[in-house]
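# Architecture at a glance
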Amino acid sequence: MSATAVAPVRLVSIGKRYSGTKALDDVSVEVAGGTVHALVGANGAGKSTLGKIVGGVIRPDDGQLFINDRPVRYASPREARIDGIATIAQELSPVPQMSVIENVFLGIEPRRSGLVQRRQMRTQYDKLIAQWGFELDGHTKVGALRTADKQKVEILRAVASEARVIVMDEPTSSLTSVEIETLHRMIRALRASGRTIVYVSHFLDEVLDLADTVTVLRSGRLVRTGPAAKETEGSLVAGMFGVAAEAEHFEKPQGSTAPVLLEVSGLSRKGVLTDISLQIRAGEIVGLAGLVGSGRSELARAIAGADPIDRGTIAVDGTARHIRSPADAMAAGIAFLPESRKDDGLFMELSIASNTTFADVRSVASRFGVLRRGLERVKTRSLLNSLSVDPPNPSMRVASLSGGNQQKVLFARWLFRNPRVLILDEPTRGVDVAARAAIHRLINDLAAEGTAVLLISSEIEEVLGLAHRVLVMRLGSITREYGADPPLEAVMEAAFGLGGSTTR
Amino acid sequence: MSATQPPDPVVPDPVGAGDRVSADTIAAPRVRRQRRIKAEHVRDYGIVVFAIALFVYFTIASSVFLTKSNLLNLVSQNATIGVAACAVTLTIIAGNFDLSLGSIFVLAEVLAAYVAVHWGVAWAFPIALLSGAAMGAINGLLVTKLRINAFLATLASALTFGGIAVGVTHGGLLITPASSAFTFIGQHSVGGVQYAVIIFAVVAIILQLVLAYTVFGRHLYGVGGNRDAARLSGIKVHRTVIITFVITGAACGLAGLIDASTTGSGSSDMSGLGGQLALLAIAGVALGGTSIFGGVGSVWRTVLGVLILGMITNGFDLLAVPDYWQDVVRGVLIIGAVAISSVVDRR
């Protein structure tokens with residue numbers, strides 16, 4: 001079925017680092033012409049990064065990208081487009097104020113002496129949609145379209161610009177099952193016309209249904225590339241998560257009768273969270289598993305006062321608390337470690353000490369708000385030592401620490417407040433193995449001292465290794481609850497909602 | 001797939017590439033210290049070296065430059081700009097912008113002169129400060145509660161304040177009675193040092209201390225550096241931002257009072273200092289090295305930036321260099337300073 005003899009896309013030893021963390025490490029993949037090539041992996045495995053490198057959206061730090069056997073180094077998606085590579089991103093990019101036709105031909109308008117030939121553009125558009133069997137009014141403003149139709153615009157854009165390779169990054173994540181079927185039909189038609197599709201997804205049933213070849217990535221490394229026909233959902237899951245992932249297992253107390261520290265009941269936020277209720281006892285670690293978009297981070301943010309809620313109550317230590325801002329949650333004794341330490345957590349330009357004490361600077365200041373820097377240094381240093389931050393230098397800038405040490409500093413900020421309830425969203429994302437183990441021990445120790453912990457992680461091993469109870473979220477609700485050490489496959493299946501295939 | 005690959009460049013510590021170096025020197029063993037001047041050092045301290053070099057150059061080139069009276073003149077001529085610039089540094093560090101400095105300055109000056117004429121000279125001081133603070137509070141509310149971009153909000157409020165000033169003066173000057181009290185801070189000195197210079201120094205020192213040594217100052221860096229993180233850390237972001245605008249407004253009111261006191265009148269004329277104040281002050285802030293994007297900077301840098309700009313005017317005047325060259329040099333200097341920092345940051 002291959003239309004060309006040379007591989008249209010070849011990636012050799014690709015590496016990409018984000019502030020010291022390896023997003024991709026030595027990944028080599030060859031994409032055959034006229035095929036659908038799927039990239040799968042858990043969150044943070046690097047599949048989107050790899051797709052973006054092919055599409056010229058980001059540049060690799062190491063390795064070489066070959067397009068039609070020619071080494072290339074794209075500085076922008078525009079350069080990739082000139083070589084016939086189009087990217088349909090998770091965040092769709094058409095200009096919302098312009099019509100469908102104008103979007104499709106944006107940058108490639110048929111023109112004569114500098115003037116856009118509108119009539120010719122319309123004729124070409126009609127020809128295109130007839131050819132691909134789309135139903136889409138060319139004069140509608142793109143901003144008024146549904147996501148599925150915006151995607152059609154992007155696909156038309158790609159074929160109108162004669163793209164030979166189309167990179168699709170999680171194209172179905174916001175589509176209904178009917179729309180997914182339509183999209184899959186289009187992809188098959190594109191393949192039949194000799195185009196090559198690089199398909200990034202974490203929906204395994206779709207991948208198996210659609211792809212000719214599958215590349216599995218885990219933590220930025222290549223696991224394998226092979227024909228999709230030889231894979232099953234089970235084999236892909238095993239590849240994505242690693243059969244023998246080294247997450248330390250901790251002793252878990254059973255049947256705790258300690259008082260309930262955090263009680264959430266009937267928490268709802270329109271379109272995001274539906275009627276969430278949960279309890280966490282003192283000393284208990286409750287794990288929250290689920291896919292990205294299942295509402296786990298949103299639940300954490302709602303409890304922490306970061307996002308507003310429509311309904312529901314939050315009680316800490318038996319007292320109902322009216323939480324309308326992070327300051328309210330902090331006053332109630334809740335600490336929240338957000339998912340992205342860069343975007344929501346750290347002040348990169350400030351020192352370790354400033355970052356550590358930031359949520360409670362008053363405790364190292366005199367009555368009139370004058371900082372006692374000596375005291376701040378001493379307190380910070382002792383926390384840094386107990387968290388084994390390297391180097392434990394309070395005046396060093398946070399930006400120059402490794403990912404793992406940055407994460408420890410963020411931990412230090414919240415431990416500095418001695419919280420009663422600790423909400424951790426992806427506490428070990430992008431940290432190295434040693435720091436990860438240290439953070440796991442720390443979480444376990446904190447619980448042993450009586451802190452109630454809500455642990456959210458994309459890595460199921462992490463949840464299973466630490467949690468005394470496991471809750472699974474899907475589509476904004478808690479769908480399953482397990483005790484300590486549930487079987488990994490059961491949790492995975494609940495998270496993926498398997499059994500009902502692509503019903504979302 | 002493994003045979004043809006080049007060996008993986010093993011980085012023993014993930015701190016490795018992409019990290020910035022300034023803190024590295026602190027952490028590194030003594031041997032590596034001071035090995036060479038790095039780009040970050042040029043960005044952070046280049047302006048100090050430049051200021052010294054400029055000072056030395058003018059000292060050599062002009063026999064008048066290094067005299068007590070000339071240097072005091074230099075500082076007192078830049079005192080109004082300096083006071084406004086030091087205060088707006090706080091607003092900028094907290095991630096905002098204020099283009100209304102000149103209009104607050106003019107309206108406060110006019111109001112001070114007005115109350116001096118109608119209520120008595122003693123009212124001029126509190127009214128200048130309070131009206132400035134009130135105008136700053138309006139800016140702060142527009143930016144936070146109405147979520148108007150600070151650039152546009154202060155551009156619009158500047159027009160409004162300036163318009164009101166013209167209305168109060170009926171388009172002209174408000175001359176105050178030749179009371180020696182009104183011209184006291186603008187025209188008098190103690191031990192040869194003008195009061196304007198003393199006010200500038202006091203404002204600069206207080207604001208520098210607030211920024212570096214108080215809880216409020218720490219919060220400003222946090223809000224400007226990472227607004228979301230600051231909010232998640234329990235900071236009342238809106239309140240913090242409004243306070244920076246109020247401080248800036250009050251400082252501009254004080255600057256207006258100095259100006260009115262120096263000339264002995266309240267002028268609504270925007271073609272003078274009032275029209276240039278915002279740009280000159282912000283130029284001083286940027287030249288000093290405070291990031292226009294917030295989160296980084298300090299008041300002493302702004303003082304340095306303002307004085308460098310003042311030195312160029314003063315020194316070139318002494319050397320009889322035409323005015324237009326001064327503007328060219330100042331413009332090029334600001335571009336150079338901002339470009340160095342942006343190039344270094346991007347690497």
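So, here's what we can say about the structure.

Cut-off values and rules
- Residues numbered from 1 in each chain as written.
- Chains lettered and ligands numbered in written order.
- Predicted model: local features only at pLDDT ≥ 70, side-chain atom pairs only at ≥ 80, totals over all residues.
- Helix = DSSP H or I, 4+ residues; strand = E, 2+ residues; numbered from the N terminus.
- Buried ≥ 20, exposed ≤ 12 C-beta atoms within 10 Å, placed from the backbone.
- Contact = placed C-beta atoms within 7 Å.
- Pairing = 2+ DSSP bridges.
- Axes fitted to C-alpha atoms, helices over the stretch in contact; angles between N-to-C directions.
- Parallel < 35°, antiparallel > 145°, perpendicular 65-115°, else oblique.
- Left-handed = near helix turned anticlockwise from the far one by under 90°.

## Structural notes on the overall build of chain B
Looking only at helices and strands, chain B has 15 helices and four strands in total. Looking at chain B as a whole, 46% of its 347 residues are labelled buried. Pairs at least 24 apart in sequence give 78% of the contacts found in chain B among residues at least 6 apart.

## Looking at the sheet that holds strand β13 (residues 260–269) of chain A
What holds strands together in a sheet is hydrogen bonding between their backbones, with the strands either parallel or antiparallel. Residues and elements named next belong to chain A. What the four strands build is an open sheet, ordered β14-β13-β16-β17; its pairing is antiparallel. Edge positions in the sheet fall to β14 (273–281) and β17 (319–321), since each has one partner strand and no second. Direction aside, the axes of adjacent strands within the sheet are offset by 20 degrees on average.

## Things to note about the sheet that holds strand β20 (residues 452–456) of chain A
Residues and elements named next belong to chain A. Pairing is mixed across the open sheet formed by six strands, whose spatial order is β18-β19-β20-β15-β21-β22. Either end of the sheet is taken by a strand with one partner, and the two such strands are β18 (334–337) and β22 (477–482). Adjacent strand axes in the sheet meet at a mean angle of 20 degrees, parallel and antiparallel pairs treated alike. Here five bridges tie strand β19 (residues 421–425) to β20, and the two strands are oriented parallel to one another. Of the residues in β20, the one forming a bridge with Leu422 is Val453. On top of the sheet, helix α17 (residues 488–496) reaches β15 (285–289), β21 (469–474) and β22; it is set at about 25 degrees to β21, its chief contact.

## A short note on the packing of helix α4 (residues 79–93) of chain B against helix α13 (residues 273–288) of chain B
All names here are of chain B. Remark: α4 packs on α13, axes separated minimally by 8 Å, with the N-to-C direction vectors making an angle of 55 degrees. Taken together, the axis directions place α4 and α13 in an arrangement best described as oblique. Read as a crossing pair, α4 and α13 show a hand that is right-handed. Here Thr80, Ile81, Ala84, Ala85, Val88, Thr89 and Ile92 of α4 come into contact with α13, specifically with Leu273, Leu277, Leu280, Ala281, Ile282, Gly284 and Val285.

Without other data, these values stay purely geometric and don't point to any function.
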